[in-house]
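Close look at the chain arrangement
For reference, the chains in residue letters:
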Amino acid sequence: MEQAIKTPRTASTARPVTSASGRFIRLGTASMLTNPDGPFINLSRLNLAKYSQKPNLSRTLFEYIFHHENDVKNALDLAAQATEHAQFKDWWWKVQLGKCYYRLGLYREAEKQFRSALNHQEIVDTYLYLAKVYQRLDQPITALNLFKQGLDHFPGEVTLLTGIARIHEEMNNISSATEYYRDVLKQDNTHVEAIACIGSNHFYTDQPEIALRFYRRLLQMGVYNCQLYNNLGLCCFYAQQYDMTLSSFERALALSTSDEEQADVWYNIGHVAVGIADLTLAYQCFKLALAFNNDHAEAYNNLAVLELRKGRVEQSKAFLQTAASLASHMYEPHFNLSILSEKIGDLQSSYTAAQKAEDAFPEHVDTQQLLKQLRVHFAAI
C-alpha cells in the first residue's frame, strides 16, 4: 500500500499519470503513513473534519489520539466534529467529550456532556465518570446519590458499590463504608480492595484475629507486597502470635520499594519493640524510620517519649515541637508537649499545647483534666 501511495499511479490502472495526480493522492494519505523514525500518525497533518465523518475510523483514531498521544486538544476537536456529524445523538461521543473536558479541568462542561449521554444511554462507565466530576467539585453527597441512582438501573454492580464505599471512607464514615464493602464481597468474593478495607476496619476496632483472617485470604489470592506483610506483622503481634511477627516484617522490608514504605515498617517494628519492653531496639527503629523519612511525625513523637525517659528534656521537647508542626491533626504530640511543659514550669506553653490537643481530639479525657488543672492554677494566680 505504501508503494502504491508513493508512486504516481492510480489503484485501477498501471498507466502512468501526471505528477500532479500522484501529488494529490499523496497529500490525502501521507498523514496516515508510518515513518520508521517518526510518530505512528502525524497529528498536525490530519484533516479531522474528514475523519470525523467516518464512524468506524473516527472512534479508533480518537482513542489513539486521547490515550496514546495524550493530545487532549486534537481529541476534543475530533470528538466535537464527530458529535456534530452524528446530530448530537451518539452517547459514545458525548462521553468522550466529557472525558476531554474533565482532563482540561472544565468540570461543569464535562458534567453537561455526561448527563446528556446518560439521557441517551444508561452505561455504568458514564455514572463512574460523572461521579468523578462531582468528587473533583467537592460534592460527595451528589456523587453518592448518583451512584445510588446507578444501582437502581444496575443492581449489584461492583464498581458502583465500591465507589459508594470509597466516598464513605473519605468522609470518615467507616461503619457505612464497611457495610458497602461487604456488599461488594457478596457480588465478588475476590475483590482485593474490599477484603483489605474490611480487614483494616477489624484491626482498628480491636479485632486483630479477624483482621488476620482477611489478610491471610489476600495472601492465598496471590497478593504479595510490602503493605500486606506489614499489616500481617501488626495483626500477628496484637493477636499474640509472636512467632510470625518478625518474619512478616522482615518480608515487608525485603519487598519495600520506596523510602516511605521502609520508614513505616521500621516504625511498626519499633512499636513491637516497645510492646516487648526492648526500648533500645525501639529507639534504633524510630531513628531508622526518620533516616528513611525525615517527615515521619509519629516517629518523632515516640522518639521524644524515649528521650524523656533518658532524661534529655530539651531533645524531647524539640522532637515534640517538630512532630506537632509536621502533623497538626495529631493530638498526641500536642498533649505530650503540654505535659512536658507543665512539668518544667512553662504553664503558658502547656496551656496552648493542651488547647491544640483538645481541638484535634475533643473527647480526650486526659487533655480535659489537664486543661481543668491549668485553669484552676491560673485562677489562683
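Residues numbered from 1 in each chain as written. Predicted model: local features only at pLDDT ≥ 70, side-chain atom pairs only at ≥ 80, totals over all residues. Heavy atoms only, no water.

Attention shifts here to the confidence of the model for the protein chain. Mean pLDDT for the protein chain: 88, with 90% of residues reaching 70 or above. Mean pLDDT in the protein chain bottoms out at helix α2 (residues 19–29), which sits at 46, and peaks at helix α10 (residues 158–170), which reaches 96. Considering only residues more than four positions removed or in separate chains, one finds that residues 9–28, a stretch of pLDDT under 50, has 15 contacts. (pLDDT = per-residue confidence, 0-100. Helix = DSSP H or I, 4+ residues; strand = E, 2+ residues; numbered from the N terminus. Contact = heavy atoms within 4.5 Å.)

The space that makes up the largest pocket amounts to roughly 540 Å³. Lining the largest pocket are 17 residues, and of these Phe203, Tyr204, Asn230, Leu234 and Asn268 lie nearest its centre. Put simply, the parts of the chain that give the lining of the largest pocket at least two residues each are α12 (192–204), α14 (226–238) and α16 (259–275). The element that contributes the greatest number of residues to the lining of the largest pocket is α14, accounting for 7 residues. Residues that form the lining of the largest pocket fall into these classes: 9 nonpolar, 6 polar and 2 charged. Approximately 210 Å³ is the volume found for the second largest pocket. (1 Å grid on protein atoms, 1.4 Å probe; cavity = no way out; pocket = protein on both sides within 12 Å on 5 of 7 lines; lining within 4 Å. Points joined across faces, edges and corners; volume = space filled by probe spheres on them. Nonpolar A, V, L, I, M, F, W, Y, C, P; charged D, E, K, R; others polar.)

This part is about the side chain of Ser350. Structurally, the position occupied by Ser350 is in helix α21 (residues 347–360). The residues touching Ser350, leaving out its near neighbours within four places in the chain, are Ser338, Ser341, Glu342, Leu370 and Leu374.

Turning our attention to the UniProt feature "repeat: TPR" (unreviewed entry) in the protein chain. Listed under "repeat: TPR" (unreviewed entry) in the UniProt record, and renumbered for this structure, are residues 226–259 and 263–296. Spanning residues 226–259, this segment combines 82% helix with 0% strand, and its end C-alpha atoms are found 12 Å apart. (UniProt positions renumbered as here; feature names shortened; annotations may be inferred.)

Counted according to the given criterion, the structure contains 16 aromatic pairs. For the ring pair Phe62 and Trp93, a centre distance of 5.6 Å and an interplane angle of 80° mean the geometry is edge-to-face. Of this pair, Phe62 sits in helix α4 (residues 55–69) while Trp93 is found in helix α6 (residues 91–103), placing the two residues 31 residues apart along the sequence. Like Phe62, the residue Trp93 is buried in the burial classification. Put simply, the rings of Phe203, Tyr204, Phe237, Tyr238 and Tyr242 pair up and form one aromatic cluster. (Phe/Tyr/Trp six-rings, centres within 6.5 Å; stacked < 30°, edge-to-face > 60°. Buried < 20%, exposed > 50% of the residue type's maximum accessible area, 1.4 Å probe, protein only.)

A word on the state of the cysteines. In this structure the tally under the stated criterion is 0 disulfides. Cysteine Cys236 shares no disulfide, and the gap to the nearest cysteine sulfur, in Cys235, comes to 7.0 Å. (Disulfide = S-S within 2.5 Å.)

This part covers helix α11 (residues 174–187). For α11, built from 14 residues, the straight-helix expectation of 20 Å at 1.5 Å per residue is met to within 8% by its first-to-last C-alpha distance of 20 Å. Residues Ala177, Thr178, Tyr180, Tyr181, Val184 and Leu185 constitute the buried set of α11. All buried residues of α11 lie within an arc of 165° about the axis, which places them on one face of the element. On its buried side, α11 packs onto α9 (140–153), α10 and α12. (Expected span 1.5 Å × (residues − 1). Arc of directions from axis to C-beta.)

Time to look at the pattern of salt bridges. Enumeration over the complete set of coordinates arrives at 6 salt bridges. The partner of Asp183 in a salt bridge is Lys186, and the shortest N-O contact between them spans 3.7 Å. Note that Asp183 and Lys186 are positioned in helix α11 at a spacing of 3 residues, about one turn of the helix. Classification of Asp183 by relative accessible area gives partly exposed; the value is 27%. Close ionic contact of Arg312 with Glu307 constitutes a salt bridge, the shortest N to O distance being 3.0 Å. Arg312 gets classed as partly exposed once you look at its relative accessible area, which sits at 41%. (Salt bridge = Lys/Arg side-chain N within 4 Å of Asp/Glu carboxyl O.)

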